[in-house]
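# Structure assessment
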Amino acid sequence: MVQSATPLSDSERIERMRHGGRILADILREVLSIVKPGITTWTLEERARELITENIVKPAFQGYEGYPAVLCVGPNEIVVHGIPDETVLNEGDIVSVDAGIIYEGVYLDMARTVPVGDVPDETKKFLHTVESALSKACSFARTGNTVGDIGHAISSTAESEGYSVVREMVGHGVGLKLHEDPMIPGYGRRGEGDVLYEGQTIAIEAIINQGRPEIIISKEDGWTSWTKDGKLSALFENTVLVSKRCQILTPL
Ligand code: MF3
Ligand code: CO
């Protein structure tokens, strides 16, 4: 295909992201539907690759700074950027699945953490809280609000239940690239930071640990990160459009 000489207009970018976001949500829904005890994280990767091919889109993560897979898959204490492999998922685990695609030149990014089979009530409550942290944050992604409003929504929701926000990993602008300015941390003060503008597209990430916030990043693969205390970590991420009301572009 010939690269277009004219840059994409805002409205064209948004329309493509709307369409691409629905495709990505469909892909992630399908991948999550096969999560069950006994499968490996690589099984999820294989399914995602099939779905990416079927939908005629491109993976956004594979090849990004050398990342080797189309998904990031992290069971239990893995925080982000787990590389799919032969690790088996067991009943009672949780697993985070992060996926990104490029659709007609625009990028979409989303993630969910789900239970594997039956999990303890404590774990259900943890996942539920991280999910509500993301939806609260999304409700603040309105024109004229600030990056700090989003971060504060995430940290106040998580910390009110005794959980903690990972400092080193943050959300980000997304659209013509996977990672654009500004960084969108899951912490901040209300009214502080960059003002959000109409038509801005951002990936909001609630990255929450059940225990302490500290993480360790693998020296071996340079990607995988774990909680330092070995407790659970969960990740909920949506690509959203900033407008008079926030619009979720990756509706699951
Ligand atoms: N949602 C993640 C992020 O924004 C996924 C990126 S994986 C990478 O960091 F390999 F592309 F870095
Ligand atoms: Co992201």
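A quick note: this is a predicted structure, and the numbers were derived from the prediction, not measured.

A word on the overall build of the protein. Each helix and strand in the protein was counted, giving four helices and 12 strands. Relative to the globule expectation of 18 Å for 252 residues, the C-alpha radius of gyration of the protein, 17 Å, shows essentially globular dimensions. Along the first, second and third principal axes, the C-alpha atoms of the protein reach 50 × 45 × 30 Å. Counting across all 252 residues of the protein, residues that qualify as buried make up 54%. When the accessible surface of the protein is totalled, it reaches about 11,700 Å², and 51% of it is carbon and sulfur. Each charge class in the protein can be summarised by its mean position, and for the 24 positive and 37 negative side chains these summaries are 6 Å apart.

Looking at ligand 1, there are 13 residues lining it, with Tyr67, Asp98, Asp109, His172 and His179 nearest. Between ligand 1 and histidine 179, the relevant distance is 2.7 Å, taken from an oxygen atom to a side-chain nitrogen or oxygen of the residue. For ligand 1, whose unbound accessible area comes to 330 Å², protein coverage reaches 95%. Per-class residue counts for the shell around ligand 1 are six nonpolar, three polar and four charged.

Its 13 residues give helix H4 (residues 147-159) an end-to-end C-alpha distance of 18 Å, which sits within 8% of 18 Å, the value for a rise of 1.5 Å per residue. A large share of H4 lies buried, amounting to 10 of its 13 residues. Listed in full, the buried residues belonging to H4 are Val147, Gly148, Asp149, Ile150, Gly151, Ala153, Ile154, Ser155, Thr157 and Ala158. Buried residues in H4 make contact with helix H3 (121-139), strand E5 (164-165), strand E7 (180-184) and strand E8 (201-209).

Conventions we followed
- Residues numbered from 1 in each chain as written.
- Chains lettered and ligands numbered in written order.
- Predicted model: local features only at pLDDT ≥ 70, side-chain atom pairs only at ≥ 80, totals over all residues.
- Heavy atoms only, no water.
- Helix = DSSP H or I, 4+ residues; strand = E, 2+ residues; numbered from the N terminus.
- Rg over C-alpha atoms; globule rule 2.2 N^0.38 Å.
- Buried < 20%, exposed > 50% of the residue type's maximum accessible area, 1.4 Å probe, protein only.
- Areas by Shrake-Rupley, 256 points an atom, 1.4 Å probe, with all protein chains shown as cover.
- Lys, Arg positive; Asp, Glu negative; His and termini not counted.
- Charge placed at Lys NZ, Arg CZ, Asp CG, Glu CD.
- Near = heavy atom within 4 Å.
- Polar contact = N/O pair within 3.5 Å; in protein donor to acceptor, adjacent residues only side chain to side chain.
- Nonpolar A, V, L, I, M, F, W, Y, C, P; charged D, E, K, R; others polar.
- Expected span 1.5 Å × (residues − 1).
- Contact = heavy atoms within 4.5 Å.

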